[in-house]
Amino acid sequence: MFEVAALDALVRTLLADGHRVVGPTVRDGVVVTDELATADDLPVGWGDEQAPGRYRLRRRDDGARFGWAVGPHSPRREVSPASVALVTIRHRTDPDGHRSFDAEPVDPTPDRPTAFFGVRPCEAAAMAVHDRVLVGGAHPDPVQTARNEGRVVVAVDCGSPAATCFCPSMGTGPALPEDRAEPAGVDLRLCELDPDGADGGGHRFVAWAGTDAGRRLLDATDHRPATEADLAAAAAVVADAEARIERRMPTDDLPRRLADAVEHPRWDDVAERCLSCTNCTLVCPTCFCSTVTDDVDLSGEVTTRTRTWDSCFTLDHSYLHGGSVHASVRSRYRQWLTHKLSTWWDQFGESGCVGCGRCITWCPAGIDLVEEARALVGEHAP
Amino acid sequence: MIVPDAPMVPARWRVLARRERTAEVVTLTVAPERDVDRLPVPRPGQFSMLSAGGVHEVPISFSGLDAAAGPDGAVEHTIRAVGSATAALCELAPGDALGVRGPFGTAWDLDAAEGGDVVVMAGGIGLAPLRPVVELLVAHRGAFGVVSVLVGARSPAEVLFGEDLARWATATGVAVEVTVDSAPRGWRGHVGVVTQLLDDVELSGRSTAFVCGPEPMMRFGARALVAHGVDPDRIQLSAERNMRCAVGHCGHCQLGPHLVCRDGPVLTFPRLAALLEVRER
Amino acid sequence: MIDAARLATTRALSGLSAASLDALADLAEPAVVDAGATVATEGRTADWFAVVEHGRLAVELFVPGRGPLVVATIGPGHLVGWSWRFPPHVWHFDVVAVDRTQLWRFDAAAVRAAAAAHPELDRELTAVVATTMARRLEATRLQLADLYGRPT
């Protein structure tokens, strides 16, 4: 347990250790993820209101650092950058006149390891999902592998869920499940208590160290053992948050029921609303689709093989000589939803959704993935 | 070698020979330039990502593997020019370099076919990925029953690997039948669809079928095979989807629950049947 | 006339009842056509049909500028000609022998008379013709889709 003022010691220790610290900060009326220089860069005293197609920040009447849910950015941006060079290919002509080339991998090592500060349980779950896709298969991605090296994760329980959150039904929050502290690579887990001083204990954090790195971080702060009251207060924060989350994904046998609903008329219904704008895939913390392009420079001599974020909502995502397999919005929406909630299980052995609700908040048409899933399996909102 | 920690780096291979098959189809014989460019010996049904001329990579199956295990590790790829990337590959001349990553994907399961009759059903360019299979079936005649090679093409001028078809037809216990969509008078083969050729093939629950061609042809072909008594689990198809990375990261090659670069391209009919019925409208 | 058992093994007629096979066998005349011979001509009266025993026939459409275009081939065991069954009883395409071909030829009038006398034969022949047309229509549609043609 440590006082709120000690939060900064964590940030400074991480910086001194040579980490690049990324965490939440307010910019342009949104909680985004950016580099933090001190704990003062956190969204102090900010809260948020989220609904399908709606996001607003609001001023809280306390100094809570994490009194909001999630913003449009997720850890995915740091681990799998939106655009990254993979290979440099230099073209040349042999003495005998034939075309040739030399190819070299671009070193994926970042100049500093990243420390993720203020990761939510749903985001920690998403990082594990991402790792399984990109480094857990037969061909581990060198970019993700390099960026995971020396990674530190300081996670925070959720005390102020948004109306679009549904992590309890996905088994990912609002606190880290007991067994996740280590496997998800969370080094330090925090819970923010009493930001408004109402319970008499003062604005403080309960902290659990999950790894040696976490323990070393904790040792850098002025801390003392958490009391029974502290632990009870932390449990109450989480229980209270969970009770406030009403949105529930119908997870019972969901993958099979969605697979059976392949010709459900609801797909036509949502296709009329969906703009195919790709927002949902951009804010989703588990989406991993990318495209690989060989970009030739102006001289024509150097090609950079580049990986860029892509979205299954684009028409050419499924292009196959002559046309796209998913040529309609209906087809593409169905592909996205069934992949996220159903076929991800076949491909990677788990769900692709962590219940963060970003896709619901950031959809300009206000389409609600949970409501669509309910309709497709024949359940209606409670 | 495919560098384990750099799976997107292309190895440098050279074109040893180029053979124009039709106006838009070319077979390239390619081999690694240096030891460091060598790749694992491929199996029939697999593919490599090929790149040339600074255009993006494309997945191309192996159409010839006779020399793959030999000293120069040469393989054949047969490419149909349908876009800028494939056109760039079809323009390569002997001595030119091309980028190669692979081999990727699942192979045709020949072990499963041993001891029984085999039907190889190919449509159009689909004969290319099946050619190494037929070479193995012919080379190891004793391990299989009757081998029927059924080929569909658009017209007589567009029938691929005519010399190989003629050679295979001379092997004992191997029947080769070719059909085209239409032909000028003088064509001695069939005119009709490749499924009609099943009428003259003896099939049973012990038969194995290898099918490759445009998706509607595989759909009708698989159904016709089942109607003729072939066990659906013994029908192998080769799926095709847009591919960007071939290593299971980019998400483009999804076919329902499958990643075609990892779980395919060769998949048995039961795993594809429901997916082939879905109308992506 | 021929032995009914030989008709029973053909793909076109194998589903017929024994009585129908016997009736047809009585009316069957073995015939041989040389390679290249014209067997039927578009527009002429369709007063016969056949089942191929051995060899291959080509169904052709003559296209000025392209010449005779083969749109289907008919091999052993399959029916040649359905136009005899329905008005106006004229061949819709040319039929030319690709190889030297042996067939069992049936006089249409004789078969129609036998069918009038035996309702079961009439019913079964309609089914044979319909099945043949359905299979060839399915094939033709796939050929029409030009699946091996240019991607767009």
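The structure displayed is predicted, hence computed values, not measured ones.

The rules behind each value
- Residues numbered from 1 in each chain as written.
- Chains lettered and ligands numbered in written order.
- Predicted model: local features only at pLDDT ≥ 70, side-chain atom pairs only at ≥ 80, totals over all residues.
- Heavy atoms only, no water.
- Helix = DSSP H or I, 4+ residues; strand = E, 2+ residues; numbered from the N terminus.
- Rg over C-alpha atoms; globule rule 2.2 N^0.38 Å.
- Buried < 20%, exposed > 50% of the residue type's maximum accessible area, 1.4 Å probe, protein only.
- Contact = heavy atoms within 4.5 Å.
- Areas by Shrake-Rupley, 256 points an atom, 1.4 Å probe, with all protein chains shown as cover.
- Phe/Tyr/Trp six-rings, centres within 6.5 Å; stacked < 30°, edge-to-face > 60°.
- Lys NZ or Arg CZ within 6 Å of the ring centre and 35° of its normal.
- Pairing = 2+ DSSP bridges.
- Domains from an automatic or database assignment.
- Salt bridge = Lys/Arg side-chain N within 4 Å of Asp/Glu carboxyl O.
- Polar contact = N/O pair within 3.5 Å; in protein donor to acceptor, adjacent residues only side chain to side chain.
- Buried area = accessible area lost by both parts, 1.4 Å probe.
- Nonpolar A, V, L, I, M, F, W, Y, C, P; charged D, E, K, R; others polar.
- Core = buried A, V, L, I, M, F, W, Y, C linked by side-chain atoms within 4.5 Å.
- Axes fitted to C-alpha atoms, helices over the stretch in contact; angles between N-to-C directions.
- Parallel < 35°, antiparallel > 145°, perpendicular 65-115°, else oblique.

Turning our attention to the overall build of chain A. From N to C terminus, chain A includes 13 helices and 15 strands. The C-alpha atoms of chain A give 22 Å as radius of gyration, which agrees with the globular expectation for 382 residues (21 Å, within 12%). In terms of its C-alpha atoms, chain A occupies a principal-axis envelope of roughly 80 × 55 × 35 Å. Buried residues in chain A amount to 57% of all 382 residues. In chain A, the proportion of contacts linking residues at least 24 apart, taken out of those at least 6 apart, comes to 68%. As displayed, chain A offers around 15700 Å² of accessible surface, 51% of which is attributable to carbon and sulfur atoms.

The helix and strand tally for chain C stands at four helices and eight strands. Listing every helix and strand of chain C by position from the N terminus yields α-α-β-β-β-β-β-β-β-β-α-α. Over its C-alpha atoms chain C spans a radius of gyration of 16 Å, differing by no more than 12% from the 15 Å that the globule rule assigns to 152 residues. The principal-axis extent of the C-alpha atoms belonging to chain C is close to 50 × 30 × 30 Å. Counting only residues that meet the buried cut, chain C has 46% of its 152 residues in that class. Once local pairs closer than 6 in sequence are excluded, the contacts in chain C between residues at least 24 apart make up 75%. About 7500 Å² of surface is accessible on chain C, with carbon and sulfur atoms providing 56% of the total.

Bringing the packing of aromatic side chains into the picture now. Two descriptors summarise a pair of aromatic rings, namely the distance from one centre to the other and the angle between the planes of the rings. Applying the stated criterion across every chain yields a total of 16 aromatic pairs over all chains. For the ring pair Trp-48 of chain C and Trp-91 of chain C, a centre distance of 5.0 Å and an interplane angle of 50° mean the geometry is tilted. Residue Trp-48 of chain C is located in strand 3 (residues 48–54), and its partner Trp-91 of chain C is located in the loop between strand 6 (79–80) and strand 7 (94–97); the two are separated by 43 residues in the primary sequence. Assessed through its relative accessible area of 7%, Trp-91 of chain C is described here as buried. Each residue in the set Phe-2, Phe-66, Trp-68 and Phe-205 of chain A is aromatic and connected to the rest through ring pairs, giving one cluster. Its guanidinium or amino end placed over the ring of Phe-220 of chain B, Arg-223 of chain B lies 5.1 Å from that ring's centre, counting from NZ or CZ.

Turning our eyes to something else, we now look at the sheet that holds strand 3 (residues 30–35) of chain A. All names here are of chain A. Read across the open sheet, the seven strands follow the order 1-11-10-9-8-2-3; overall the sheet is mixed. Two strands lie at the open edges of the sheet, namely strand 1 (2–3) and strand 3, each paired on one side alone. Relative to strand 11 (residues 204–209), strand 10 (residues 188–193) is paired through six bridges, and the arrangement is antiparallel. Of the residues in strand 11, the one forming a bridge with Leu-193 is Arg-204.

Further remarks concern the pairing of strand 4 (residues 58–64) of chain B. Looking along a regular strand, one sees the side chains alternate between the two faces of the sheet. Residue and element names in this part refer to chain B. Within strand 4, six of the seven residues are buried, which leaves the element mostly enclosed by the surrounding structure. Here strand 3 (residues 47–51) pairs with strand 4 via four bridges, running antiparallel. Paired with Met-49 across the bridge in strand 4 is Pro-59. In textbook terms, the turn of a hairpin is the stretch between consecutive antiparallel strands, and for strand 3 and strand 4 this stretch comprises six residues, one of which, Gly-53, has a positive phi near 65°.

This brings us to the pairing of strand 1 (residues 11–20) of chain B. Residue and element names in this part refer to chain B. Two elements, strand 1 and strand 6 (residues 97–104), share four bridges in a ladder whose sense is antiparallel. Each bridged residue has a counterpart across the sheet, and for Trp-13 the counterpart in strand 6 is Leu-98. Bridge count for strand 1 against strand 2 (residues 25–32) is seven bridges, and the pairing is antiparallel. Residue pairing across strands places Glu-20 opposite Val-26, the latter belonging to strand 2. In textbook terms, the turn of a hairpin is the stretch between consecutive antiparallel strands, and for strand 1 and strand 2 this stretch comprises four residues.

Residues and elements named next belong to chain A. You can read the domains of chain A as domain 1 (2–244) and domain 2 (254–296 + 310–377). Taken residue by residue, the interface counts 27 residues in domain 1 and 25 residues in domain 2. Counting every contact that joins domain 1 to domain 2 gives two salt bridges. As a salt-bridge pair, Arg-132 and Glu-350 come within 3.4 Å of each other at their nearest N and O atoms. For the pair domain 1 and domain 2, the number of links is 17 residue pairs in polar contact (both at pLDDT 80 or more). When residues of the side of domain 1 that touches domain 2 are traced back to their parent elements, those giving at least two are strand 4 (46–51), strand 5 (54–59), helix 3 (121–134) and helix 5 (167–170).

Attention now moves to the interface of chain C and chain B. Each partner contributes residues to the interface: chain C has 24 residues there, and chain B has 31 residues. Between chain C and chain B lies a buried interface of about 2500 Å² when both sides are counted; carbon and sulfur atoms form 49% of it. Summed over the shared surface of chain C and chain B, the result is five salt bridges. Among the salt bridges present, the one from Asp-99 of chain C reaches Arg-188 of chain B, with a minimum N-O distance of 2.3 Å. Only strand 5 (67–74) and helix 4 (119–144) of chain C provide two or more residues apiece to the side of chain C that touches chain B. Per-element tally for the side of chain C that touches chain B: the top contributor is strand 5 of chain C, with six residues. Within the side of chain C that touches chain B, the residues separate by chemical class into 12 nonpolar, four polar and eight charged.

Let us now look at the nonpolar core. The biggest cluster of nonpolar side chains holds 60 residues, and the ones touching the most others in it are Val-211, Leu-225, Ile-235 and Leu-237 of chain B. With six residues, the single largest contributor to this core is helix 3 of chain A. Among residues more than four places away in sequence, those in contact with Leu-237 of chain B are Trp-108, Val-211, Met-218, Ala-222, Pro-265, Val-266, Leu-267, Phe-269, Leu-272 and Leu-276 of chain B. With 40 residues, the next largest nonpolar core counts Leu-13, Leu-21, Phe-49 and Ala-97 of chain C among its residues.

Another point: the packing of helix 9 (residues 266–273) of chain A against helix 13 (residues 369–376) of chain A. Residues and elements named next belong to chain A. One can describe the packing of helix 9 onto helix 13 by two numbers: an axis separation of 10 Å at closest approach and a directional angle of 155°. Judged on the interaxial angle alone, helix 13 and helix 9 are roughly antiparallel. On the side of helix 9, the interface is formed by Arg-266, Trp-267, Val-270 and Arg-273, while helix 13 contributes Glu-371, Glu-372, Ala-375 and Leu-376. Taken together, the residues of the contact of helix 9 with helix 13 break down into four nonpolar, no polar and four charged.

What follows covers the interface of chain B and chain A. Each partner contributes to the interface: chain B provides 47 residues, whereas chain A provides 52 residues. When the two sides are added together, the surface that chain B and chain A hide from each other amounts to roughly 3800 Å², 51% of it contributed by carbon and sulfur. Its largest share of buried area at the contact with chain A, chain B owes to His-249, Glu-280 and Arg-281 of chain B, together 18% of the area lost on that side. Between chain B and chain A we count six salt bridges in total. For Glu-280 of chain B, the salt bridge identified is with Arg-334 of chain A, shortest N-O distance 3.2 Å. Of all the elements in the fold, those that place two or more residues in the side of chain B that touches chain A are strand 1, strand 6 and strand 15 (258–259) of chain B. Among the elements that make up the side of chain B that touches chain A, the one with the highest residue count is strand 6 of chain B (five residues). A class-by-class count of the residues in the side of chain B that touches chain A yields 20 nonpolar, 13 polar and 14 charged.

What follows concerns the packing of helix 11 (residues 329–348) of chain A against helix 13 of chain A. Residue and element names in this part refer to chain A. At a closest axis distance of 12 Å, the pairing of helix 11 and helix 13 adopts a crossing angle of 90°. Here helix 11 is positioned roughly perpendicular relative to helix 13, judged by the angle of their axes. Touching Tyr-333, Trp-336, Leu-337 and Leu-341 of helix 11 are Leu-369, Glu-372, Ala-373 and Leu-376, all from helix 13. Along the lines of polarity and charge, the residues of the contact of helix 11 with helix 13 split into seven nonpolar, no polar and one charged.

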